[in-house]
Amino acid sequence: MLKGDEENVDLALSVLEDIRDVVRAGNRVSVRDAKHALDLVREGSPMTLSSLLSDVIQVTSRGKQIKPRTMGQKVYIDAMRENSMTFGIGPAGTGKTYLAVAMAVAAYKARQVNRIILTRPAVEAGEKLGFLPGDIQEKVDPYLRPLYDALWDIMGIEGFDRLRDKGALEIAPLAYMRGRTLDDAFIILDEAQNTTREQMKMFLTRMGFSSKVVVTGDVTQIDLPKGQDSGLVEAASILRDVSGIAVVYLTELDVVRHELVQRVIKAYEALEGNRNGILFQPDETERNK
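Residues numbered from 1 in each chain as written. Predicted model: local features only at pLDDT ≥ 70, side-chain atom pairs only at ≥ 80, totals over all residues. Heavy atoms only, no water.

J.: I'm lost on the sheet that holds strand 4 (residues 115–120) in this one. Help?
T.: Taken together, the six strands give an open sheet; going across it, the order is 5-4-6-7-3-8, and neighbouring strands pair in parallel fashion. Strands at the two margins of the open sheet, each flanked by one partner only, are strand 5 (169–173) and strand 8 (245–249). Each adjacent strand pair in this sheet contributes to an overall mean axis angle of 15°, direction not counted. Here strand 3 (residues 85–89) runs beside strand 8; their pairing, made up of five bridges, is parallel. In the sheet register, Phe-87 faces strand 8, and the bridge partner there is Val-247. Packed on one face of the sheet, helix 4 (residues 71–82) meets strand 3, strand 7 (212–217) and strand 8 and runs near 150° to strand 7. Its contacts with the sheet place helix 5 (residues 96–109) against strand 3, strand 4, strand 6 (185–189) and strand 7, and it is angled at close to 170° to strand 6. (Pairing = 2+ DSSP bridges. Helix = DSSP H or I, 4+ residues; strand = E, 2+ residues; numbered from the N terminus. Axes fitted to C-alpha atoms, helices over the stretch in contact; angles between N-to-C directions. Contact = heavy atoms within 4.5 Å.)

Structure representation (structure tokens):
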């Protein structure tokens, strides 16, 4: 029995019916999922928790289903499906890189592409690593570790090794992309906020026939030298209305890590807002473009 004013009772009933559908479909519902179901109903979103969790992108080597957990993630995934080039911009923990890698693996398994290419600029995050021993691959591996982590989680180490050994997987610094034309590939540029204008233009013009490109980054964590403009910020602005390109903004509402990560992001956004007078933050219309 639900008691309260009519509006709140209807709200609670919608949430409970949504959660019931999720459970009946064989999914487990966490407290976070329940809160998100409530947020969707409050926002009047046409999406429901059950519709989100029914969209399985990929199944990992350990049997874990990869699917959108928030409305923003669903918009991001649909954008990657429908467009040749997608920009995913948002704070840490929103699944920008992980979901892009999952989509790349799914596209390869479906034979939509012949190879997966993952790249990121070799920019240190506010600290100097100094001299790194080993060959060139060993020197750049620390910069590429997050991409390895995502692939290992999705494919398993054996699946990763098989794909790389047959030449269908390449993980390399952004500098290695210069002078190439990348056909029949799913190409991901990660940490793109640390590209310069020239690097971004160089990367985007590598795209060949039958390829998909996904560019991810967090414009609040730019590690370029002071005074150096981010190629991601510029590209998202000038390409947002180009046909075949989608620019999707994720927010703290799409963070799927520990709930404290959301609070940390909001605290820093408030600080930056006070310093700058206004914070880079798209409204709902901007986010879904």
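J.: Any chance you could explain the nonpolar core here in plain terms?
T.: Note that soluble globular proteins tend to have their nonpolar side chains buried in a common cluster. Counting residues in hydrophobic clusters, the biggest one holds 42 residues, and the most contacted among them are Leu-151 and Ile-171. Listing elements by their share of this core, those giving two or more residues are helix 4, helix 5, strand 4, helix 6 (136–165), strand 5, strand 6 and strand 8. With ten residues, helix 5 is the largest single contributor of residues to this core. (Core = buried A, V, L, I, M, F, W, Y, C linked by side-chain atoms within 4.5 Å. Buried < 20%, exposed > 50% of the residue type's maximum accessible area, 1.4 Å probe, protein only.)

J.: Where do I start with the pairing of strand 7 in this structure?
T.: A regular strand places its side chains on the two faces of the sheet in alternate fashion. Of all the six residues making up strand 7, five are buried; the element is thus mostly covered by neighbouring parts of the structure. With five bridges connecting them, strand 3 and strand 7 associate as parallel partners. Across the sheet, the residue bridging to Met-85 is Val-213, located in strand 7. With helix 7 (residues 197–204) bridging strand 6 and its parallel neighbour strand 7, the resulting β-α-β unit is right-handed. (Right-handed = clockwise from strand over helix to strand, strands pointing away.)

J.: Would you mind going over the packing of helix 4 against helix 5 with me for this structure?
T.: Axes are the key here: two packed helices are described by the angle between their axes and the distance separating the axes. Look at helix 4 against helix 5: their axes get within 11 Å of each other, and the N-to-C directions meet at 40°. In the packing of helix 4 onto helix 5, the handedness of the crossing is right-handed. Contacts from Gln-73, Tyr-76, Ile-77, Met-80 and Arg-81 in helix 4 reach Lys-96, Leu-99, Ala-100 and Met-103 in helix 5. The class makeup of the residues in the contact of helix 4 with helix 5 is six nonpolar, one polar and two charged. (Left-handed = near helix turned anticlockwise from the far one by under 90°. Nonpolar A, V, L, I, M, F, W, Y, C, P; charged D, E, K, R; others polar.)

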